[in-house]
Structures are given as structure tokens and as C-alpha cells.
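Structural characterization, general
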Number of protein chains: 2
Amino acid sequence: MIVIDPRSRTPIFEQIKEQILNLINTGELQPDDKLPSVRQLASELDLNVNTVKRAYQELETERVTYSLLGKGVFVSKTAVANKIVLENAEKELVRVLSSSKAKGISPERVIELTKLIYEKGDLND
Amino acid sequence: MIVIDPRSRTPIFEQIKEQILNLINTGELQPDDKLPSVRQLASELDLNVNTVKRAYQELETERVTYSLLGKGVFVSKTAVANKIVLENAEKELVRVLSSSKAKGISPERVIELTKLIYEKGDLND
DNA sequence: CAACTGTGATAGCACACCTATCACAGTTTT
DNA sequence: AAAACTGTGATAGGTGTGCTATCACAGTTG
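Summary of the structure given here. (Residues numbered from 1 in each chain as written. Chains lettered and ligands numbered in written order. Predicted model: local features only at pLDDT ≥ 70, side-chain atom pairs only at ≥ 80, totals over all residues. Heavy atoms only, no water.)

**Some points on the environment of D5(B)**
Residue and element names in this part refer to chain B. Convention followed: Where helices and strands are cited, they refer to DSSP runs of H or I of at least four residues and of E of at least two residues respectively, numbered from the N terminus. Any pair of nitrogen or oxygen atoms within 3.5 Å is treated as a polar contact; in protein, a donor-acceptor pairing is required on top of that, and neighbouring residues in sequence qualify only through side-chain atoms on both sides.
Mapping D5 onto the fold places it in the segment before helix 1 (12-25). As for D5 and E108, which are separated by 103 residues in sequence, their C-alpha atoms are 33 Å apart. In this structure the side chain of D5 is engaged in a polar contact, spanning 3.0 Å, whose partner is the backbone nitrogen of R7.

**Describing the protein's contact with DNA strand C**
The condition that has to hold: The nearness test applies per residue and asks whether one of its heavy atoms lies within 4 Å of the molecule or strand. Each residue is assigned to one of three groups, with Ala, Val, Leu, Ile, Met, Phe, Trp, Tyr, Cys and Pro labelled nonpolar, Asp, Glu, Lys and Arg labelled charged, and all others, Gly among them, labelled polar.
Around DNA strand C, the surrounding shell holds 26 residues, and the nearest of these are I12(A), N50(A), T51(A), R39(B) and S67(B). Sugar and phosphate atoms constitute 57% of the interface atoms of DNA strand C, taking the interface as everything within 4 Å of the protein. The separation between a phosphate oxygen of DNA strand C and a polar main-chain atom of V38(B) is 3.2 Å. E60(B) has a polar side-chain atom sitting 3.4 Å from a phosphate oxygen of DNA strand C. Contributions of two or more residues to the surface near DNA strand C are made by helix 1 (12-25) and helix 3 (49-61) of chain A together with helix 2 (38-44), helix 3 (49-61), strand 1 (65-68) and strand 2 (72-75) of chain B. With 4 residues, the single largest contributor to the surface near DNA strand C is helix 3 of chain B. A class-by-class count of the residues in the surface near DNA strand C yields 9 nonpolar, 10 polar and 7 charged.

**Thoughts on the pattern of salt bridges**
Residue and element names in this part refer to chain A. Heads up, the condition is: We define a salt bridge as a side-chain nitrogen of Lys or Arg found within 4 Å of a carboxyl oxygen belonging to Asp or Glu. Only protein chains enter the accessibility calculation, which uses a 1.4 Å probe; a residue is then buried when its area is under 20% of its type maximum, exposed when over 50%, and partly exposed in between.
For the coordinates displayed, the defined rule picks out 18 salt bridges over all chains. A salt bridge links D5 to R7, with the nearest nitrogen and oxygen atoms 3.7 Å apart. With a relative accessible area of 75%, R7 lands in the exposed category. When salt bridges that share partners are traced, they join K17, R54, E58 and E62 into one network.

Structure (C-alpha cells):
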């Protein structure tokens, strides 16, 4: 299930991309699985076809999916999605850690938060 | 010294805000210190006055600075800036750590990166 | 008085995102 | 074969945001 936050600053097509990548990464979407059609997803999310198309096309450019004219869009066999997700996630993590350092958060605090988040469940405060 | 990256996706006025907050947080700007005038900073950064004004006004709204008509803009006595910076930074850190967990980065990897970034200098790769 | 401060208002431009629409190509279903 | 589905391409227009340009006003400083 894909959910869009229209108020978010991150563009809708990027939200779609991220969530598809996550679905693949968690295994909910398997290699060669068919993605919802552009029209169907656009209809479900109450979006324009072009917006969904853009998300799909960028995913294809990144080799996460492949498309067959008239048939649909499918998850690539190669586990590129996983790599991309991990790479992006680590990139963002490094960025934020550097920023955290610059802004005065102690490394102990970082590790504390890390353990908290990883050992306990979600952050429900 | 404030540096603007025009290619960044984050708006210029936000870049200014962040860097001023950092200057205050690191102590380079002390309470009651005067910020560069809107016109001077705009001139230095080759920006329009309105852009700098917006950054300054938002900082004032957040109680980080106060302005005196005809005199200038000054750092608030109360260390609000520090709080704001830390709060925002920790909030983002938690968000990204949760996301890292969800996307399959191990806690060991997080701690490894943390130590790397905090012990060594910047990320120069 | 001149030159500096902040503030306010207005207008316009550029860009990115999104929508609307029509059209075409290929596949699947009936 | 026809209908209904798939992806794709092109074009146009709306909208919000960020930034600029400009003029004006208010207060402080030298």
C-alpha cells in the first residue's frame, strides 16, 4: 500500500519511488512481480498518470524495474533496489551524522539513540 | 563566514538560517552580537535584500535574534538558538536512524559510521 | 544632513511539480 | 475482430515557491 502526503515538501513522484523501493526491499514486491499499472495507481492515489509515470520511469532508469509495452512494469530480477535503498540510506545517514556532530550532539548520544531505536520498536513519543 | 550553494535544493534563505544558527551554536556569534546588516550580507552573497530579510525574520520569529529598527539584528540573550539547533538536529537524527533501521542498515554499521565521523575529521571521500 | 540600520509592499520572473488531454503502440480479454 | 487493458509521447496550462527588482518609510548614527 502506497500512501501520499500531499503536504510534504518531497515531491509526490519521489514519495512513490521511495515507497516502491521499500516494498521491494522488504520483499513485499518480488523480482518479476508486476507493479500496479500507471493508470490504476494514479486512480488509487487520485493523481495524474504523468506523475506516476515519472516515478516509474525514474525507477526504470535506475534499473530497479523494467517495462514491457502493453504488459506492464515489473521488478528487476537483479536486486538493484536493495543496493539503491541501502546506498541512499547510508548516504543520508552519513550526512545527518556529520550534521549532528557539527551541531553539538555527542557521539555517546548518537549511540544511545541508535540502541534505543534498534532495540526497542518504533519511536512512539 | 556564510557560504551559499545555489545548486542546493534547500532554499537560500534556509541555508542562511542554518549557518547563522551554527555560528551561534559554536559560539562564533555571542549573545547580543550584531549580525551583518541585511544589505551588507545581501551584497556579500550577491543576493537580494529580501532573501536575507526573510532568513532574519524567521530567525526572529523563532526568538533566535531580535532586531532594533535603525540599529541592526542581534543574537538573543537567551540561548534559544542552541536549543533549537539541538532539538532539530536530534529530531532529524532520530528520523534518519529509524529510517536506517527500516531500510536494513545494521546498528553496528551505524555505530561504525558514527565513530568514523566523530573521530576522524570530515567525510572527504 | 548624509549614510547607515530594519521594515513593508508590490510586481515580475523562473523553475519545479502537477494536472489535463489527446494520441499512438502493443497486449490481453472477450 | 473488438474492447479494454498495458506503456509511452507530446503539448499545454495551472500553481506554488523562491528569488529578484524597486520604491518607500521609519529610526539610528556620525
